[in-house]
Amino acid sequence: QVQLVESGGGLVQPGGSLRLSCAASGRFGSINAMGWYRQAPGKQRELVATIPSGGSTNYADPVKGRFTISRDNAKNTVFLQMNSLKPEDTAVYYCYAKILSQSYLRLTDYWGQGTQVTVSS
C-alpha cells in the first residue's frame, strides 16, 4: 500500500516562512510527477506547484516568486518552501504523486492527508 505522509504545516505570521515535506512509502515502481495543492475554507482545491521526475517545475500565479518546489528522488520526498507568506495562503495543503506500480503497468494518483497552514498575526 502506497502512502504519502506530509509534515511541516503550522501557524506563521505574515511575511514568514514554512517548509512542507511529503514522503512516499510502500511498494511501487517509480514516482512520476509530484506536487502540492491547497484548499481554503469554502473554496475548491487548487494547484500550487508541480515537479516532474525530470524537467521544469510549474507554479500557480499567486505563489510564483515566493514558493519553491523541489524533490529528493532517493528519499521519494517532495518539498515546498514557502516564503513571504500572506494571509490568503491559509489553507490545507495536500501532497500529490503520480506513481507507477511495481509491475510498471499501472499509473495511479495518490494524495496525502493534508496539513494545515495558517498565516495570521
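Above: the structure in question.
Residues numbered from 1 in each chain as written. Predicted model: local features only at pLDDT ≥ 70, side-chain atom pairs only at ≥ 80, totals over all residues. Heavy atoms only, no water.

## Considering the pattern of salt bridges
Applied cut-off: Each reported salt bridge corresponds to a side-chain nitrogen of Lys or Arg within 4 Å of a carboxyl oxygen of Asp or Glu. When a residue's accessible area, from a 1.4 Å probe over protein chains only, is under 20% of the maximum for its type it is buried; when over 50% it is exposed; and in between it is partly exposed.
Summed over the entire model, instances satisfying the criterion amount to 5 salt bridges. With a closest N to O distance of 2.7 Å, arginine 38 and glutamate 46 form a salt bridge. Judged by relative accessible area, which is 7%, arginine 38 ranks as buried. For lysine 64, the salt bridge is made with aspartate 61, and the minimal N-O distance between the two is 3.0 Å. For aspartate 61, a relative accessible area of 60% translates into the label exposed. Via salt bridges that share partners, Arg38, Glu46, Arg66 and Asp89 belong to a single interconnected network.

## With respect to the packing of aromatic side chains
Condition: Between the rings of Phe, Tyr and Trp (Trp by its six-membered ring), a pair exists once the centres lie within 6.5 Å; its type follows the angle of the planes, with under 30 degrees stacked, over 60 edge-to-face, and the other angles tilted. Secondary structure elements follow DSSP: runs of H or I of four or more residues count as helices, runs of E of two or more count as strands, with numbering from the N terminus.
Counted by the stated rule, this structure contains 3 aromatic pairs. Between tyrosine 37 and tyrosine 96, the ring centres sit 5.9 Å apart and the planes meet at 70°, which makes this aromatic pair edge-to-face. Residue tyrosine 37 is found in strand β4 (residues 30–39), and its partner tyrosine 96 is found in strand β9 (residues 91–100); the two are separated by 59 residues along the sequence. Since its relative accessible area comes to 21%, tyrosine 37 is described here as partly exposed. Take tyrosine 96: its relative accessible area is 9%, and that puts it in the buried class. Ring geometry for tyrosine 37 versus tryptophan 111: centroids 5.1 Å apart, planes at 70°, classification edge-to-face. Remark: tryptophan 111 occurs in strand β10 (residues 107–111) and tyrosine 37 occurs in strand β4; sequence separation between them is 74 residues. Given a relative accessible area of 37%, tryptophan 111 falls into the partly exposed group.

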